[in-house]
Amino acid sequence: MRNVRRPLMLLPWLILSACHPESEPSTAEAPAEATGQTSRLLRAEVPVPGQYVVVLAPPALGEPEDVPALAEALASKHGGQVLHVYQKALRGFSVRMTEAQALELARHPAVASIEEDAVVRDSLVQSSPSNWGLDRIDQRTLPLDNQYTYFGTGAGVHAYLISTGIRTTHTDLGGRATADFNNVPDGMGHTDCNGVGTHWATVIGGNTYGVAKGTRLHSVRVLDCGGSGTISNILAGVDWVTFNHIKPAVALLNLNMTSVNATLEAVVRNSIAQGVTYVGTAGIRSVDACTTSPARMPELITVGFSRNTDAVASFSNFGGCVDLFAPGDGITGGWFNSDTATNTIGGGVGAAVATGAAALWLEVFPTATPAAVSSMLTSHATTGALTPTPTAPTPDRLLYTGFIGSRLRGGTPVSGIPNRLGDLRFFRLDVPTGTTRVTFTTSGGTGDVDLYVRAGALPSLSVYDCAPYLTGNAETCTLNSPAAGPLYVMLHGFANFSGVSLSTTVTP
C-alpha cells in the first residue's frame, strides 16, 4: 500500500506540430531538380519497391478529363505499367517502374506529385519474419511466436554504418540508404564489395530483415573488400559522422580489433559527446572484451552475440565491458552482389540488431542522450534467458524491444499485460481528426499498475497529461477534444502486476 497518493491530474493540451521525417532530399533526387520544373519524389516510411502513386495536376481549360487514357500515355512514355487508376477521390494512378523512371515522370507538367507506394498495416506486426532475430527481440522468453511486433519504425532517425559500405540500391533498403563517405583508396568508390555492410544495413533498417524499417541509413565506408582498414581511415569516418550527422543519430562501428587504441577511443568519445549514440561489437574471438578497443569503452553500447536457442555464441567476446547480448548467429539479411541478394551469416550481427533497437527508441524519444539510450536498452533487457547463465562480470542481459511499446486500436482491448516492479510499458494511439473524446482504462489482474497518458511524446513519472495514480489496477484517463496525432500511454509497475487489461474508447 502506498503512503502518498497524488490526485488525478489533467493538464491543458498543447498545440503540437508535426513535420515529415525526411526533411532533406537524397542524392538520387537531385536530377529531378535540375530541370526548369521543381518536382520531388516523396519518400514513404515503408515503401513498396518499384511502385509509385502519381497525382495528376488539374487539367487545363479545354483539356480532356480522360484519366485512364492519360495514365496509360504517361506510363507508356516513361516505361511504366499502370496498376490502378483513380478518378473520384483522387485524380491519378499507381504505376510500377524504376526510381529513375519515376524521377523522369515527376518532371512532366501533367504531374502534380509522385510518391513511393507504401506498406500499410493495421498494427505493426510482421508475420513469419525472415530473420529469426526479429522474432526473438520482441518477446521475453522462448519459444518463438513466428512474428515481430514493433512500436515504430525508426522514422526520422539517422543510422550511420561505419563499415564496408552499403549497396544502397538493394531493394530491401527501400531507397532510404545513401552513400555519404568513402576514404578507402582501392578504386571501388562507395561500393560495398565485401557484403557485411549491406547485410548489417538491412538488419538495422531493411523492409523485410530490419529492426527499424523506416530509418535513414548512411554509408560511411572505411573498410575494404576484405573487411580491413586502417586506424587513420576509421578516424576519418568517425570524424565525418561527428561533423555531419543529423540528429537523432546512432552509429554502428563495425570493428573487431585485437588490442587497445587510445586515439580511436578518444575520437569515438568525442563523437558521443556531440550526441551520437554509438553501438559496437564485443568482438568474435571469445576473449574478454575489456582487452580491445572500442569494445571496452563504457560510453559505447557493446554487444555480445546469442544463438536462436538463447545460448551465448561460442565465438562471442565476454566480460564486464559487454553491455548486453543480441541475436548474432545465423541471421539473414541482404547481400552485396545484387539488389535482391541475401545471405545468412554469424559473427557480430547482434550489434546491428541492437543499432536498430536504438533507432526505435530514438524515434519515440529523439532528444535522448547516448547515455540514456544505453540505459534504456540495458535496464529493460531480458534476464534469466541466456544459457548457461553468464558468469559475472559478464552480464545476463538479452536485448528486448517490447518495452518500447505497442500500437493501440480504438475498441480493441489489450489483455494479459504483465510487468515487473518499476518496469515501464508503452502504447501508442493515433487519434483521428475530429475526435471528441478518448478514454483509456486499466482493469483486472493482480498487483498494482499506474496509468500515465501524454500527447505527442512519451510520458514519464514526472511529465504527463493524465495520471490517476490509484491503488490497484482500476484506473481511467478521459481526454476531451484531443488534437489529432499520437497519444502515448505508459503503464508503470508500482508493484509487480500481471493479467491487466488496457481498453481504449475513441468517440468521434
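Within each chain, residues carry numbers counting from 1 in the order of the written sequence. A pLDDT threshold of at least 70 governs which residues receive local features in this predicted model, and a stricter bar of 80 or more applies before side-chain atom pairs are shown or counted, although totals over entire chains, interfaces and linings include all residues. Values shown for side chains rest on all heavy atoms present in the structure; no hydrogens or waters enter the calculation.

Novice: With reference to specific residues and values, describe the packing of helix 7 (residues 349–364) against helix 8 (residues 370–379).
Specialist: Each pair of packed helices can be summarised by the angle the axes make with each other and by the distance between the axes. Where helix 7 contacts helix 8, the two axes come as close as 10 Å, and the packing angle between them is 115°. Looking at the two axes, helix 7 sits roughly perpendicular to helix 8. Here helix 7 and helix 8 pass one another in a crossing that is right-handed. In this structure, helix 7 contributes Ala354, Ala357, Ala358, Trp361 and Leu362 to the contact, and helix 8 contributes Val373, Met376 and Leu377. In this count, Pro and Cys sit with the nonpolar residues alongside Ala, Val, Leu, Ile, Met, Phe, Trp and Tyr, while Asp, Glu, Lys and Arg are called charged and the others, Gly among them, polar. Of the residues assigned to the contact of helix 7 with helix 8, the class counts are eight nonpolar, no polar and no charged. Fitted lines through C-alpha atoms give the axes, limited to the stretch in contact for helices. The angle between two N-to-C directions lies from 0 to 180 degrees. The helix and strand labels rest on DSSP assignments: H or I over at least four residues marks a helix, E over at least two residues marks a strand, and numbering proceeds from the N terminus. For classification, angles of less than 35 degrees are called roughly parallel, those exceeding 145 degrees roughly antiparallel, those between 65 and 115 degrees roughly perpendicular, and all remaining angles oblique. Two helices crossing with the near one rotated counterclockwise from the far one by less than a right angle form a left-handed crossing, whereas a clockwise rotation gives a right-handed crossing. We call two residues contacting when some pair of their heavy atoms lies within 4.5 Å.

Novice: I'd like a rundown of the pairing of strand 4 (residues 92–96), residues and numbers included.
Specialist: Throughout, exposure labels follow a simple rule: accessible area from a 1.4 Å probe, protein chains only, divided by the maximum for the residue type, with under 20% read as buried, over 50% as exposed, and the rest as partly exposed. Most of strand 4 is tucked away, with four of its five residues classed as buried. Strand pairing is assigned whenever DSSP identifies at least 2 bridges connecting the two strands. In this sheet, strand 4 lies alongside strand 3 (residues 81–86) in antiparallel orientation, the contact comprising five bridges. Bridge assignment links Tyr86 to a residue of strand 4, and that residue is Gly92.

Novice: Any details on the pattern of salt bridges? Residues and values, ideally.
Specialist: By definition here, a salt bridge exists when the distance from a side-chain nitrogen of Lys or Arg to a carboxyl oxygen of Asp or Glu is within 4 Å. Throughout the structure, instances matching the rule amount to 11 salt bridges. A salt bridge links Asp310 to Arg136; the nearest nitrogen and oxygen atoms lie 2.9 Å apart. With Asp310 in the loop between strand 13 (301–306) and strand 14 (324–327) and Arg136 in helix 3 (residues 132–137), this pair connects stretches of sequence that are 174 residues apart. Overall, Arg136 belongs to the buried group, its relative accessible area being 1%. Across the pair Arg296 and Glu265 runs a salt bridge, and its minimum N-O distance is 2.7 Å. Of this pair, Arg296 sits in the loop between strand 12 (277–281) and strand 13 while Glu265 is found in helix 6 (residues 262–273), placing the two residues 31 residues apart along the sequence. A relative accessible area of 33% places Arg296 in the partly exposed class. A single network of salt bridges, built from pairs that share partners, joins Arg140, Arg420 and Asp423.

Novice: Account for the side chain of Asp135, with residues named and values stated.
Specialist: Mapped onto the secondary structure, Asp135 falls in helix 3. Charge assignment: positive for Lys and Arg, negative for Asp and Glu; neither His nor the chain ends contribute. Buried and unpaired, Asp135 has no salt bridge, with Arg136 as the nearest side chain of opposite charge at 7.8 Å. Two N or O atoms form a polar contact when they lie within 3.5 Å of each other; inside protein one atom must be a possible hydrogen donor and the other a possible acceptor, and for residues adjacent in sequence the pair counts only when both atoms belong to side chains. Reaching out from Asp135, the side chain makes a polar contact with the backbone nitrogen of Asn146 at a distance of 3.0 Å. In this structure Asp135 touches Pro129, Leu144, Asp145, Asn146 and Gln147, once residues within four positions along its chain are discounted.

Novice: How would you sum up the sheet that holds strand 21 (residues 449–455)? Please name residues and give values.
Specialist: Taken together, the four strands give an open sheet; going across it, the order is 17-19-23-21, and neighbouring strands pair in mixed fashion. Two strands lie at the open edges of the sheet, namely strand 17 (406–407) and strand 21, each paired on one side alone. Here two bridges tie strand 17 to strand 19 (residues 424–431), and the two strands are oriented parallel to one another. Counted as the bridge partner of Ser406 is Phe427 from strand 19.

Novice: Pulling in residues and values, what's your account of the environment of Leu458?
Specialist: Here Leu458 lies in the loop between strand 21 and strand 22 (475–480). On a C-alpha basis, the gap between Leu458 and Leu487 in space is 8.4 Å, while along the polypeptide they are 29 residues apart. With residues up to four places along the chain from it excluded, the contact list for Leu458 reads Phe151, Trp361, Val364, Phe426 and Tyr488.

Novice: Mind laying out the nonpolar core, listing which residues take part and the relevant values?
Specialist: Nonpolar cores are built from buried Ala, Val, Leu, Ile, Met, Phe, Trp, Tyr and Cys residues. Side-chain atoms within 4.5 Å join them into one set. Grouped together as the largest cluster of nonpolar side chains are 59 residues, with contacts concentrated most on Trp361, Leu377 and Leu399. In terms of residues, this core owes the most to one element, helix 7, which gives 12 residues. Domain delimitation follows an automatic or database domain assignment. Split by domain, this core shows at least three residues from each of two domains, domain 2 (124–398) and domain 3 (408–507). Setting aside residues no more than four positions away along its own chain, Leu377 makes contact with Ile301, Leu324, Ala354, Ala357, Ala358, Leu399 and Phe403. By size, the runner-up hydrophobic cluster in this structure holds 23 residues, among which are Trp240, Val241, Met257 and Met297.

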